[in-house]
Amino acid sequence: IFDESKHNHSLDTIREHLVNNGYFDAMVTSSYEYDNATKEIIVHIYIKKGKRFSFGQITVDVVTDYDDENEDLSKVVKKKLAHSLLSRTFTKEYLDKQITILKDYVAKKGFLHTAIKVKQEIDHDTLMINTKWKITINQKREIVFFGNRFFPKKELLEKVLAFGKS
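The structure displayed is predicted, hence computed values, not measured ones. (Residues numbered from 1 in each chain as written. Predicted model: local features only at pLDDT ≥ 70, side-chain atom pairs only at ≥ 80, totals over all residues. Heavy atoms only, no water.)

Draft legend 1. Spatial organisation of the pairing of strand 5 (residues 128-137). Where strand 3 (residues 54-63) meets strand 5, eight bridges bridge the pair, whose relative direction is parallel. What sits directly across from valine 63, in strand 5, is threonine 136. In this structure, strand 4 (residues 114-123) lies alongside strand 5, joined through 10 bridges in antiparallel fashion. Within strand 5, the residue paired with threonine 114 across the bridge is isoleucine 137. Hairpin connection of strand 4 to strand 5: four residues between the antiparallel strands, including leucine 127 at a positive phi of 60°. (Pairing = 2+ DSSP bridges. Helix = DSSP H or I, 4+ residues; strand = E, 2+ residues; numbered from the N terminus.)

Written out as structure tokens, the structure is:
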């Protein structure tokens, strides 16, 4: 039994997959016909991917209570993001990976509770995805280890950060 709602859901899933891989102008259409001889429905799906989009301009806004840290952190974060994103083709998976890397970097700087929001602006003329990063940094924590002779500070810090938010 052919269910048109399931068919439309499948088409939406294909479109979503294409968008997540940088094809924001993709066209997915379908047609179907009933074959009287075999009593089957034959479905034809047409996919026109179009051109793939790339990462474009990066805007970073760091919100924190620490003014001196804010400017330095904003510059470093923008430099890191520009290095890893600019002139790369867009994928949602790569964007999510960069968010995770950025959260780890900020946590190692002592900002354990950080919220990162990324707004994507699609520019169809230049085939670019411009991203606006809003990084909200709360309290800075400094972890000091006393009396430790067996493990390096870096290893201990990574073990503590592995527990995440408490």
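Here the narrative resumes, following the displayed structure.
Draft legend 2. Spatial organisation of the sheet that holds strand 4. If you trace the three strands from one edge of the open sheet to the other, you get 3-5-4, paired in mixed fashion. Taken across any chain shown, the strands that pair with only one partner, and hence form the sheet edges, are strand 3 and strand 4. Shown here is a sheet whose adjacent strand axes are inclined to one another by a mean of 20°, direction ignored. Where helix 3 (residues 92-108) meets the sheet, it contacts strand 3, strand 4 and strand 5, and its direction lies at approximately 150° from that of strand 4. (Axes fitted to C-alpha atoms, helices over the stretch in contact; angles between N-to-C directions. Contact = heavy atoms within 4.5 Å.)

Draft legend 3. Region of the structure containing helix 3. Spanning 17 residues, helix 3 covers 25 Å between terminal C-alpha atoms, matching the ideal 24 Å at 1.5 Å per step. Three or more residues of helix 3 are buried, namely Tyr94, Leu95, Gln98, Ile99, Leu102, Tyr105, Val106 and Ala107. (Expected span 1.5 Å × (residues − 1). Buried < 20%, exposed > 50% of the residue type's maximum accessible area, 1.4 Å probe, protein only.)

Draft legend 4. Focus on the environment of leucine 95. As for its position among the elements, leucine 95 is in helix 3. C-alpha of leucine 95 to C-alpha of threonine 131: the two residues are 36 residues apart in sequence and 9.8 Å apart in space. Ignoring sequence-local partners within four residues, the contact set of leucine 95 consists of Phe55, Phe90, Val118, Gln120 and Trp133.

Draft legend 5. Representation of a nonpolar patch on the surface within the structure. A contiguous nonpolar patch, built from Tyr32, Tyr34, Ile41, Val43, Ile45 and Ile47 and spanning about 530 Å² of accessible area, is present on the exposed surface. Secondary structure elements with two or more residues in the nonpolar patch: strand 1 (27-35) and strand 2 (40-48). Structurally, the position occupied by isoleucine 41 is in strand 2. The partly exposed category is assigned to isoleucine 41, whose relative accessible area is 37%. (Patch = residues over 30% accessible without salt bridge, like charges linked within 9 Å, V, L, I, M, F, W, Y side chains within 5 Å. Areas by Shrake-Rupley, 256 points an atom, 1.4 Å probe, with all protein chains shown as cover. Salt bridge = Lys/Arg side-chain N within 4 Å of Asp/Glu carboxyl O.)

Draft legend 6. Structural detail: the packing of aromatic side chains. Under the defined criterion, the tally for this structure stands at five aromatic pairs. Here the aromatic rings of phenylalanine 2 and tyrosine 32 are separated by 4.9 Å at their centres, their planes lie at 50°, and the arrangement is tilted. Separated by 30 residues along the polypeptide, phenylalanine 2 in the segment before helix 1 (4-20) and tyrosine 32 in strand 1 bring together distant segments of the chain. Taking relative accessible area as the criterion, phenylalanine 2 reaches 29% and is therefore assigned partly exposed. Overall, the relative accessible area of 38% leaves tyrosine 32 in the partly exposed class. Taken together, Phe24, Phe53, Phe55, Phe90 and Tyr94 form an aromatic cluster joined through their ring pairs. Over the face of the ring belonging to tyrosine 105 we find lysine 80, whose NZ or CZ atom lies 4.7 Å from the ring centre. In this structure, arginine 88 packs its charged tip against the face of tyrosine 94, placed 3.9 Å from the ring centre. (Phe/Tyr/Trp six-rings, centres within 6.5 Å; stacked < 30°, edge-to-face > 60°. Lys NZ or Arg CZ within 6 Å of the ring centre and 35° of its normal.)

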